[in-house]
Amino acid sequence: MVRLPAIFVSHGSPMLALGGGDTGTAWRGLAAGLPRPRAVVVASAHWLTSAPAVGAAPQPETIHDFGGFPEPLFRIQYPAPGEPAVARRAAELLSASGFEVHGVERGLDHGVWVPLREFYPQADVPVVPLALQPRLGPEHHYRLGRALQALRAEDVLVLGSGSLTHNLHEVRFEESGEIAPYVAEFQQWFAERLAEGDIEALLDYRRRAPQAARAHPTEEHLLPLFVALGAAGEGAVADRRFGGVTHEVLAMDVYQFTEPAMAAARAA
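A short tour of the structure in this document, coming up. (Residues numbered from 1 in each chain as written. Predicted model: local features only at pLDDT ≥ 70, side-chain atom pairs only at ≥ 80, totals over all residues. Heavy atoms only, no water.)

### Considerations on the environment of glutamine 256
- Within the fold, glutamine 256 resides in strand 10 (residues 254-258).
- Glutamine 256 sits in the buried class, given a relative accessible area of 6%.
- As for glutamine 256 and alanine 212, which are separated by 44 residues in sequence, their C-alpha atoms are 22 Å apart.
- Reaching out from glutamine 256, the side chain makes a polar contact with the side chain of arginine 241 at a distance of 3.2 Å. (Helix = DSSP H or I, 4+ residues; strand = E, 2+ residues; numbered from the N terminus. Buried < 20%, exposed > 50% of the residue type's maximum accessible area, 1.4 Å probe, protein only. Polar contact = N/O pair within 3.5 Å; in protein donor to acceptor, adjacent residues only side chain to side chain.)

### A closer look at the side chain of histidine 141
- When you line up the elements, histidine 141 lands in helix 5 (residues 137-148).
- Residue classification places histidine 141 among the buried residues on the basis of a relative accessible area of 0%.
- Excluding anything up to four places from it in sequence, histidine 141 contacts Leu132, Gln133, Leu223, Phe226 and Val227. (Contact = heavy atoms within 4.5 Å.)

### Looking at the packing of helix 1 (residues 21-32) against helix 4 (residues 110-119)
- Contact pair helix 1 / helix 4: the axes reach a minimum separation of 8 Å and the direction vectors enclose 60°. When the axis of helix 1 is compared with that of helix 4, the two are oblique. For the pair helix 1 and helix 4, the sense of crossing is right-handed. On helix 4, the residues touching Gly24, Trp27, Arg28, Leu30 and Ala31 of helix 1 are Val114, Pro115, Glu118 and Phe119.
- Broken down by class, the residue content of the contact of helix 1 with helix 4 amounts to six nonpolar, one polar and two charged. (Axes fitted to C-alpha atoms, helices over the stretch in contact; angles between N-to-C directions. Parallel < 35°, antiparallel > 145°, perpendicular 65-115°, else oblique. Left-handed = near helix turned anticlockwise from the far one by under 90°. Nonpolar A, V, L, I, M, F, W, Y, C, P; charged D, E, K, R; others polar.)

Geometry only, nothing functional implied.
Okay, structure coming up:
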(Lines give C-alpha, C1' and ligand atoms only; values in the text may rest on other atoms or scores of the structure.)
Protein backbone atom coordinates (compact mmCIF):
# COMPACT_ATOMS: atom_id res chain seq x y z
CA MET A 1 0.00 0.00 0.00
CA VAL A 2 1.44 3.39 -1.03
CA ARG A 3 0.88 6.20 1.44
CA LEU A 4 1.40 9.85 0.72
CA PRO A 5 3.66 11.70 3.16
CA ALA A 6 2.34 14.40 5.45
CA ILE A 7 3.72 17.90 4.87
CA PHE A 8 4.29 21.04 6.94
CA VAL A 9 4.94 24.35 5.20
CA SER A 10 5.61 27.80 6.59
CA HIS A 11 3.40 30.00 4.43
CA GLY A 12 4.94 33.36 5.30
CA SER A 13 3.57 36.67 4.08
CA PRO A 14 0.73 36.84 1.53
CA MET A 15 3.27 38.70 -0.64
CA LEU A 16 4.73 35.31 -1.56
CA ALA A 17 1.74 34.98 -3.89
CA LEU A 18 3.29 37.76 -6.01
CA GLY A 19 6.71 36.13 -6.14
CA GLY A 20 7.60 33.09 -4.10
CA GLY A 21 11.40 33.35 -4.29
CA ASP A 22 13.36 30.52 -2.70
CA THR A 23 10.34 29.45 -0.67
CA GLY A 24 8.20 29.06 -3.78
CA THR A 25 10.98 27.10 -5.46
CA ALA A 26 11.09 24.73 -2.47
CA TRP A 27 7.30 24.27 -2.57
CA ARG A 28 7.34 23.50 -6.30
CA GLY A 29 10.18 21.04 -5.94
CA LEU A 30 8.44 19.23 -3.11
CA ALA A 31 5.16 18.98 -5.01
CA ALA A 32 6.95 17.72 -8.13
CA GLY A 33 8.26 14.73 -6.19
CA LEU A 34 4.88 13.69 -4.82
CA PRO A 35 2.27 11.44 -6.42
CA ARG A 36 -0.72 13.49 -7.50
CA PRO A 37 -3.28 13.29 -4.67
CA ARG A 38 -7.00 12.90 -5.09
CA ALA A 39 -7.43 15.78 -2.58
CA VAL A 40 -5.51 17.86 -0.03
CA VAL A 41 -6.68 18.32 3.55
CA VAL A 42 -5.10 21.55 4.84
CA ALA A 43 -4.85 22.57 8.48
CA SER A 44 -4.25 26.32 8.26
CA ALA A 45 -3.21 28.73 11.02
CA HIS A 46 -5.86 31.12 9.70
CA TRP A 47 -8.95 29.03 10.45
CA LEU A 48 -9.42 28.98 14.21
CA THR A 49 -12.44 27.50 15.99
CA SER A 50 -13.36 26.29 19.47
CA ALA A 51 -14.05 22.73 18.27
CA PRO A 52 -12.79 20.65 15.31
CA ALA A 53 -14.36 21.53 11.97
CA VAL A 54 -13.94 20.39 8.37
CA GLY A 55 -14.69 22.51 5.30
CA ALA A 56 -17.27 20.76 3.14
CA ALA A 57 -17.96 23.40 0.48
CA PRO A 58 -18.10 21.87 -3.02
CA GLN A 59 -16.61 25.06 -4.50
CA PRO A 60 -14.82 27.02 -1.75
CA GLU A 61 -14.29 30.74 -2.27
CA THR A 62 -10.87 32.40 -2.16
CA ILE A 63 -10.63 34.35 1.11
CA HIS A 64 -8.42 37.45 1.19
CA ASP A 65 -7.99 37.48 4.96
CA PHE A 66 -5.47 40.32 5.23
CA GLY A 67 -5.23 44.07 4.85
CA GLY A 68 -2.69 46.72 3.92
CA PHE A 69 -1.19 44.80 1.01
CA PRO A 70 -1.01 45.74 -2.69
CA GLU A 71 -4.24 45.61 -4.64
CA PRO A 72 -3.06 42.83 -7.03
CA LEU A 73 -3.11 40.40 -4.11
CA PHE A 74 -6.83 40.94 -3.73
CA ARG A 75 -7.43 40.03 -7.37
CA ILE A 76 -5.88 36.58 -6.98
CA GLN A 77 -8.32 33.71 -7.11
CA TYR A 78 -7.57 30.07 -6.41
CA PRO A 79 -10.63 28.26 -7.79
CA ALA A 80 -9.80 24.73 -6.63
CA PRO A 81 -12.89 22.59 -6.04
CA GLY A 82 -13.78 21.15 -2.68
CA GLU A 83 -14.29 17.45 -2.09
CA PRO A 84 -17.31 16.81 0.16
CA ALA A 85 -16.68 13.05 0.16
CA VAL A 86 -13.19 13.55 1.61
CA ALA A 87 -14.58 16.09 4.08
CA ARG A 88 -17.11 13.48 5.26
CA ARG A 89 -14.39 10.85 5.51
CA ALA A 90 -12.20 13.19 7.58
CA ALA A 91 -15.14 13.95 9.87
CA GLU A 92 -15.82 10.21 10.28
CA LEU A 93 -12.21 9.52 11.21
CA LEU A 94 -12.18 12.36 13.73
CA SER A 95 -15.47 11.24 15.25
CA ALA A 96 -14.18 7.66 15.52
CA SER A 97 -11.24 9.01 17.54
CA GLY A 98 -13.53 10.76 19.99
CA PHE A 99 -13.60 14.28 18.56
CA GLU A 100 -16.84 16.18 18.20
CA VAL A 101 -16.52 17.58 14.69
CA HIS A 102 -18.61 19.89 12.52
CA GLY A 103 -18.85 20.15 8.75
CA VAL A 104 -19.19 23.74 7.53
CA GLU A 105 -19.09 25.74 4.31
CA ARG A 106 -15.61 27.23 4.41
CA GLY A 107 -13.48 29.02 1.83
CA LEU A 108 -9.71 28.92 1.37
CA ASP A 109 -7.72 31.44 3.43
CA HIS A 110 -4.27 32.62 2.42
CA GLY A 111 -2.60 29.97 4.55
CA VAL A 112 -4.16 27.51 2.12
CA TRP A 113 -4.03 29.16 -1.28
CA VAL A 114 -0.64 30.88 -1.11
CA PRO A 115 1.33 27.60 -0.92
CA LEU A 116 -1.14 25.59 -3.01
CA ARG A 117 -0.77 28.01 -5.93
CA GLU A 118 2.83 26.76 -6.09
CA PHE A 119 2.01 23.12 -5.38
CA TYR A 120 -0.86 22.89 -7.88
CA PRO A 121 -0.95 26.06 -10.01
CA GLN A 122 -3.83 24.80 -12.16
CA ALA A 123 -6.07 24.65 -9.06
CA ASP A 124 -7.18 21.22 -10.21
CA VAL A 125 -6.63 19.25 -6.98
CA PRO A 126 -9.61 19.41 -4.59
CA VAL A 127 -9.01 21.10 -1.24
CA VAL A 128 -10.61 20.41 2.15
CA PRO A 129 -9.80 22.92 4.93
CA LEU A 130 -9.35 21.74 8.53
CA ALA A 131 -9.76 24.11 11.49
CA LEU A 132 -7.38 24.53 14.43
CA GLN A 133 -8.31 25.03 18.08
CA PRO A 134 -5.66 27.44 19.36
CA ARG A 135 -6.53 27.08 23.05
CA LEU A 136 -6.08 23.30 23.02
CA GLY A 137 -2.35 23.11 22.31
CA PRO A 138 0.08 20.76 20.56
CA GLU A 139 -1.09 17.43 22.00
CA HIS A 140 -4.66 18.01 20.83
CA HIS A 141 -3.45 18.80 17.31
CA TYR A 142 -1.08 15.85 17.26
CA ARG A 143 -4.08 13.64 18.08
CA LEU A 144 -6.09 15.34 15.32
CA GLY A 145 -3.38 14.37 12.88
CA ARG A 146 -3.18 10.81 14.20
CA ALA A 147 -6.91 10.47 13.66
CA LEU A 148 -6.47 11.46 10.00
CA GLN A 149 -3.48 9.30 9.12
CA ALA A 150 -5.67 6.74 7.29
CA LEU A 151 -6.34 9.41 4.65
CA ARG A 152 -2.75 9.06 3.45
CA ALA A 153 -3.50 5.55 2.22
CA GLU A 154 -6.54 6.89 0.39
CA ASP A 155 -4.61 9.23 -1.95
CA VAL A 156 -5.18 12.26 0.27
CA LEU A 157 -2.32 14.63 1.14
CA VAL A 158 -2.43 16.03 4.70
CA LEU A 159 -0.81 19.47 4.77
CA GLY A 160 -0.18 21.70 7.77
CA SER A 161 0.30 25.38 6.87
CA GLY A 162 1.69 27.76 9.47
CA SER A 163 5.17 29.07 10.31
CA LEU A 164 8.06 27.62 12.26
CA THR A 165 8.49 31.03 13.93
CA HIS A 166 5.90 33.80 13.90
CA ASN A 167 6.58 36.96 15.88
CA LEU A 168 5.08 39.73 13.75
CA HIS A 169 6.15 42.37 16.30
CA GLU A 170 9.76 41.85 15.21
CA VAL A 171 9.32 41.58 11.43
CA ARG A 172 11.70 43.70 9.33
CA PHE A 173 10.04 44.19 5.96
CA GLU A 174 13.27 45.14 4.22
CA GLU A 175 15.24 41.98 3.42
CA SER A 176 18.62 42.39 5.12
CA GLY A 177 19.61 38.76 4.77
CA GLU A 178 20.18 38.61 8.51
CA ILE A 179 18.61 36.05 10.84
CA ALA A 180 17.70 36.89 14.42
CA PRO A 181 19.80 34.60 16.65
CA TYR A 182 16.80 33.33 18.62
CA VAL A 183 15.12 32.27 15.37
CA ALA A 184 18.12 30.18 14.32
CA GLU A 185 18.28 28.66 17.79
CA PHE A 186 14.59 27.75 17.75
CA GLN A 187 14.89 26.28 14.23
CA GLN A 188 17.84 24.16 15.30
CA TRP A 189 16.06 22.86 18.39
CA PHE A 190 13.06 21.77 16.32
CA ALA A 191 15.24 20.22 13.62
CA GLU A 192 17.11 18.17 16.23
CA ARG A 193 14.02 17.02 18.10
CA LEU A 194 12.26 16.09 14.86
CA ALA A 195 15.32 14.18 13.65
CA GLU A 196 15.37 12.29 16.95
CA GLY A 197 11.62 11.62 16.84
CA ASP A 198 11.34 13.09 20.35
CA ILE A 199 7.57 13.57 20.39
CA GLU A 200 7.49 14.15 24.15
CA ALA A 201 9.85 17.12 23.90
CA LEU A 202 8.12 18.50 20.83
CA LEU A 203 4.70 18.45 22.47
CA ASP A 204 6.25 20.24 25.46
CA TYR A 205 8.13 22.76 23.27
CA ARG A 206 6.59 25.70 25.13
CA ARG A 207 8.70 24.81 28.19
CA ARG A 208 11.68 23.12 26.55
CA ALA A 209 12.48 24.96 23.32
CA PRO A 210 14.73 28.05 23.55
CA GLN A 211 12.78 31.32 23.59
CA ALA A 212 9.57 29.56 22.58
CA ALA A 213 7.31 32.40 23.71
CA ARG A 214 9.35 34.90 21.68
CA ALA A 215 9.26 32.66 18.61
CA HIS A 216 5.48 32.22 19.05
CA PRO A 217 3.77 34.88 21.18
CA THR A 218 0.64 32.92 20.24
CA GLU A 219 1.01 29.38 18.96
CA GLU A 220 -1.58 28.99 16.20
CA HIS A 221 1.12 29.14 13.49
CA LEU A 222 3.03 26.19 14.96
CA LEU A 223 0.00 23.96 15.59
CA PRO A 224 -0.25 22.84 11.92
CA LEU A 225 3.14 21.17 12.29
CA PHE A 226 1.69 18.89 14.98
CA VAL A 227 -1.25 17.97 12.75
CA ALA A 228 1.15 16.94 9.98
CA LEU A 229 3.44 15.11 12.41
CA GLY A 230 0.51 13.19 13.86
CA ALA A 231 -0.83 12.30 10.42
CA ALA A 232 2.55 10.78 9.53
CA GLY A 233 2.08 8.12 12.21
CA GLU A 234 4.30 6.62 14.86
CA GLY A 235 8.01 6.57 14.08
CA ALA A 236 7.70 9.11 11.27
CA VAL A 237 10.93 10.36 9.71
CA ALA A 238 11.25 14.14 9.34
CA ASP A 239 12.89 15.37 6.13
CA ARG A 240 13.65 19.10 6.33
CA ARG A 241 13.22 20.31 2.77
CA PHE A 242 13.77 24.04 3.31
CA GLY A 243 15.07 26.20 6.15
CA GLY A 244 15.16 29.78 4.91
CA VAL A 245 14.23 32.86 6.94
CA THR A 246 12.44 35.95 5.65
CA HIS A 247 12.18 39.40 7.26
CA GLU A 248 14.85 38.31 9.80
CA VAL A 249 12.36 36.47 12.04
CA LEU A 250 9.98 34.35 9.94
CA ALA A 251 11.44 30.84 9.72
CA MET A 252 10.09 29.31 6.49
CA ASP A 253 10.89 25.68 7.28
CA VAL A 254 9.27 22.94 5.19
CA TYR A 255 9.11 19.37 6.47
CA GLN A 256 8.05 16.15 4.81
CA PHE A 257 7.06 13.37 7.23
CA THR A 258 7.11 9.74 6.12
CA GLU A 259 7.28 6.23 7.56
CA PRO A 260 10.84 4.85 7.92
CA ALA A 261 10.43 2.50 4.93
CA MET A 262 9.31 5.33 2.67
CA ALA A 263 12.17 7.55 3.82
CA ALA A 264 14.70 4.76 3.17
CA ALA A 265 13.30 4.18 -0.33
CA ARG A 266 13.52 7.90 -1.11
CA ALA A 267 17.12 8.06 0.11
CA ALA A 268 18.06 5.07 -2.04
